[in-house]
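Take a look at the letters that make up each chain.
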Amino acid sequence: MKVTVVDYGVGNLHSISKGLERAGAKIQVSSSPQEIAGAESIVFPGVGAFGAAMESLRPEASSLREAILGETPTLGICLGMQILFETSEESPGEGLSVLKGSVRRLKAPRVPHMGWNNVSCSSDDLFEGIGADAQFYFANSFICSPTEKVTISETVYGERFPAAVRKGTVVGVQFHPEKSGEPGLKLLANFIRISEGSA
Amino acid sequence: MALAKRIIPCLDVKDGAVVKGVRFKGLTDVGDPPSLAVKYQEQGADEIVFLDVNATLAGAETLRAAVQKTAEQLFVPLTVGGGVRTFEDVKTMLRVGADKVSINTAAVADPLLITECANAFGSQCVVVAIDAKRVGDSWLVHTHSGTRSSQLDAVEWAKEVCERGAGEILLTSMDCDGVKDGYDIELTKSIVRSVSVPVIASGGCGTIEHIVEVLSEGEADAALAASIFHYNELSVRDVKSLLASRGIPVRWCG
């Protein structure tokens, strides 16, 4: 499986690329929206801000949306998950609108939500082989608020919010699997398996 | 469910090697960055902090190479600091594999840098390091690896950097650093209670009890330590098992 890791022009793409490689994927890093729209499988990494990331994708937002809805397996991580939704309080403008709902500021005494947190047990394939007590690394000030039934796992920090969402081959995780040690690497491997299954 | 308190080994790096000093002076070589980082990751470190103590532009290339080599083997977050002066420096560090970048001197010299970085990369990767030294009843912010005193009050400065977009504070007590007599609980608590971002306490760790103290009484979100780990006095696993037995939430790794 060849995975295209989206480069918005900022941030660290090493860890996610290495994590996916460990899971047996071939990595292509791309900043070309056209190339991304034609990918076998897409990963939107979790670095940067909503507005800036969408700015870099804007020219091809509609073909990207079509590709993702047309079952190109997609994984959005943190910010990468958030841009799959329609709007965000972080920046004006539309997201990719692949998932219904919005992104809003997390309500907690201390923000960003920074560190390792538990997530609720999920029977989804994405969490196969990952213990119910696994902890994942989060670094977020915003959370997704879906208006359709896509949440497959939740976490609690200040409030309860989605830790992972899935609609068919579209997956989003609020935490950083590439920074979450063994359970994170397992989750990336599961995503690759899901992608291969749909190919 | 609860957010775990983090245990963060710190690698002070000079000319590509990990060193450790006392009160910011007298450095001795304790190993190479990637192998120490991996060792700590295996012991259950929640994050690794990598500080270039040279903090010179001349060392930038060496630093980039060391960061890249370290990042390649880590699947836990890596924070890099020391000598980061400009927006481009922050961007470069992120590109070579840092997840967060820590700025101190440059933030004091140009507070707008904090906002600029937060807007471009997100607050979660902007860490402001505050080196504080007690003067009378308060603490003054120091820059240039602790060699210069600013006129900034540490508590006020902490509030300001948060307003400007910092996502985390790495707080070092210069009075306690390297002395191994415990963290500065009063300083830590004062900063934690003044801001709404996570605070990493640093400087003074000599025993596990010190870590327990700063995470409970000091109310810190994370504890950073260097020498207790470098000299194999303790492993991260030892620290976590004691914290867990005291009811402090930690990430457990086998």
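Details of the structure are given in the entry above.
Residues numbered from 1 in each chain as written. Chains lettered and ligands numbered in written order. Predicted model: local features only at pLDDT ≥ 70, side-chain atom pairs only at ≥ 80, totals over all residues. Heavy atoms only, no water.

Visitor: Looking at this model, I keep getting lost on the overall build of chain B. Mind explaining?
Guide: A tally of helices and strands in chain B yields 10 helices and 12 strands. The C-alpha radius of gyration computed for chain B amounts to 16 Å, which stays within 12% of the reference 18 Å derived for 254 residues, consistent with globular compactness. By principal-axis analysis of the C-alpha atoms, chain B measures approximately 45 × 40 × 40 Å. Counting over 254 residues, chain B shows a buried share of 59%. (Helix = DSSP H or I, 4+ residues; strand = E, 2+ residues; numbered from the N terminus. Rg over C-alpha atoms; globule rule 2.2 N^0.38 Å. Buried < 20%, exposed > 50% of the residue type's maximum accessible area, 1.4 Å probe, protein only.)

Visitor: In this structure, what is going on with the interface of chain A and chain B? I would like to understand it.
Guide: Interface extent is often summarised as the accessible area lost during association of the parts. Each partner contributes residues to the interface: chain A has 37 residues there, and chain B has 40 residues. Buried area between chain A and chain B, both sides added, is near 3100 Å², and the carbon and sulfur share of it is 55%. It is Arg110, Met114 and Trp116 of chain A that lose the most area in chain A upon contact with chain B, and together they represent 25% of the buried surface on that side. Across the chain A-chain B interface, the total number found is two salt bridges. Across the salt bridge formed by aspartate 99 of chain B and lysine 179 of chain A, the nearest N and O atoms sit 2.8 Å from each other. The interface formed by chain A and chain B includes 18 residue pairs in polar contact (both at pLDDT 80 or more). (Contact = heavy atoms within 4.5 Å. Buried area = accessible area lost by both parts, 1.4 Å probe. Salt bridge = Lys/Arg side-chain N within 4 Å of Asp/Glu carboxyl O. Polar contact = N/O pair within 3.5 Å; in protein donor to acceptor, adjacent residues only side chain to side chain.)

Visitor: Before we go on, may I ask you to explain the sheet that holds strand 9 (residues 142-146) of chain A in this structure?
Guide: By definition, the strands of a sheet pair up through backbone hydrogen bonds, in either a parallel or an antiparallel sense. Residue and element names in this part refer to chain A. Read from one edge of the open sheet, three strands run 5-6-9, paired in mixed fashion. If you trace the sheet from one side to the other, it starts and ends with strand 5 (87-88) and strand 9, each paired once. When strand 6 (residues 101-105) meets strand 9, the two strands line up antiparallel, connected through five bridges. Paired with serine 102 across the two strands is serine 145, which belongs to strand 9. (Pairing = 2+ DSSP bridges.)

Visitor: Where do I start with the packing of helix 1 (residues 33-43) of chain B against helix 2 (residues 60-71) of chain B in this structure?
Guide: Two numbers describe a pair of packed helices, the interaxial angle and the distance between the axes. Residues and elements named next belong to chain B. Packing of helix 1 against helix 2 leaves a shortest axis separation of 8 Å and a crossing angle of 30°. The handedness of the crossing between helix 1 and helix 2 is right-handed. Every residue of helix 2 that contacts helix 1 at Pro33, Pro34 and Ala37 is listed here: Ala66, Lys69 and Thr70. Grouping the amino acids of the contact of helix 1 with helix 2 by side-chain chemistry returns four nonpolar, one polar and one charged. (Axes fitted to C-alpha atoms, helices over the stretch in contact; angles between N-to-C directions. Left-handed = near helix turned anticlockwise from the far one by under 90°. Nonpolar A, V, L, I, M, F, W, Y, C, P; charged D, E, K, R; others polar.)

Visitor: What am I meant to see in the pairing of strand 12 (residues 222-225) of chain B here?
Guide: Both faces of the sheet carry side chains from a regular strand, because those side chains alternate between them. Residue and element names in this part refer to chain B. Of the two faces of strand 12, both are covered, the one formed by Ala222 and Leu224 as well as the one formed by Ala223 and Ala225. Direction of pairing for strand 1 (residues 6-14) relative to strand 12: parallel, over a ladder of four bridges. When the bridges of strand 12 are listed, arginine 6 appears paired with alanine 222. Inspection of the sheet shows strand 11 (residues 199-202) paired to strand 12 by two bridges, in the parallel sense. Residue pairing for strand 12: alanine 201 is matched across the bridge by alanine 223. In this fold, the crossover linking strand 11 to strand 12 by way of helix 8 (residues 208-216) has right-handed handedness. (Right-handed = clockwise from strand over helix to strand, strands pointing away.)

Visitor: Explain the sheet that holds strand 11 (residues 159-167) of chain A to me, please; I cannot follow it from the model alone.
Guide: Residue and element names in this part refer to chain A. The seven strands lie next to each other as 2-1-3-4-12-11-10, forming an open sheet whose pairing is mixed. Two strands bound the open sheet, and with one partner strand each, they are strand 2 (26-30) and strand 10 (151-157). Neighbour-to-neighbour, the strand axes of the sheet open up by a mean angle of 20°, direction not taken into account. Where strand 1 (residues 2-6) meets strand 3 (residues 41-44), three bridges bridge the pair, whose relative direction is parallel. Note on strand 3: the bridge partner recorded for valine 5 is valine 43.

Visitor: How should the packing of helix 3 (residues 87-95) of chain B against helix 5 (residues 112-121) of chain B be read in this particular structure?
Guide: Residue and element names in this part refer to chain B. Running from amino to carboxyl end, helix 3 crosses helix 5 at an angle of 40°, the nearest separation of the two axes being 10 Å. Viewed along their axes, helix 3 and helix 5 adopt a mutual orientation that is oblique. In the crossing of helix 3 with helix 5, the sense of the turn from one axis to the other is right-handed. Of the residues in helix 5, those touching helix 3 at Phe87, Val90, Lys91 and Leu94 are Leu113, Glu116, Cys117, Ala120 and Phe121. Partitioning the contact of helix 3 with helix 5 into residue classes produces seven nonpolar, no polar and two charged. (Parallel < 35°, antiparallel > 145°, perpendicular 65-115°, else oblique.)

Visitor: Is there a simple way to explain helix 8 of chain B in this structure?
Guide: Every α-helical turn comprises 3.6 residues, leaving residues that sit three or four positions apart pointing alike. Looking only at helix 8 of chain B, the buried set comprises Ile208, His210, Ile211, Val212, Val214 and Leu215 of chain B. Contact partners of the buried residues in helix 8 of chain B: strand 1, helix 7 (185-194), strand 11, strand 12, helix 9 (227-230) and helix 10 (236-245) of chain B.

Visitor: Help me understand the packing of aromatic side chains in this model?
Guide: Any two aromatic rings considered together are summarised by their centre-to-centre distance and by the angle between their planes. Under the criterion given, the structure shown has six aromatic pairs over all chains. Relative to phenylalanine 175 of chain A, the ring of phenylalanine 136 of chain A lies with its centre 4.1 Å away and its plane at 20°, an arrangement referred to as stacked. Of this pair, phenylalanine 136 of chain A sits in strand 8 (residues 135-140) while phenylalanine 175 of chain A sits in the loop between strand 12 (170-173) and helix 6 (181-198), and the two are 39 residues apart along the sequence. What makes phenylalanine 175 of chain A buried here is its relative accessible area of 0%. Between phenylalanine 87 of chain B and phenylalanine 121 of chain B the ring centres are 5.1 Å apart and the planes differ by 20°, which places this aromatic pair in the stacked class. Pair noted here: phenylalanine 87 of chain B is in helix 3 and phenylalanine 121 of chain B is in helix 5, with a separation of 34 residues, a long-range link. (Phe/Tyr/Trp six-rings, centres within 6.5 Å; stacked < 30°, edge-to-face > 60°.)

Visitor: Just to check I follow, could you spell out the side chain of threonine 172 of chain B for this structure?
Guide: Position of threonine 172 of chain B among the secondary structure elements: in strand 10 (residues 168-173). In terms of polar contacts, threonine 172 of chain B uses its side chain to reach the side chain of serine 202 of chain B, at 3.1 Å.

Visitor: Explain unusual backbone geometry here, please?
Guide: Residues and elements named next belong to chain A. Valine 111 connects to proline 112 through a cis peptide bond whose omega is 5°. The topology assignment puts proline 112 in the loop between strand 6 and strand 7 (113-118). One non-glycine residue with positive phi stands out, namely cysteine 78, at about 55°. Mapped onto the elements of the fold, cysteine 78 is located in the loop between strand 4 (74-77) and helix 5 (79-82). One non-glycine residue, serine 97, lies in the positive phi region at around 55°. Among the structural elements, serine 97 can be located in the loop between strand 5 and strand 6. Owing to a relative accessible area of 18%, serine 97 belongs among the buried residues under this scheme.

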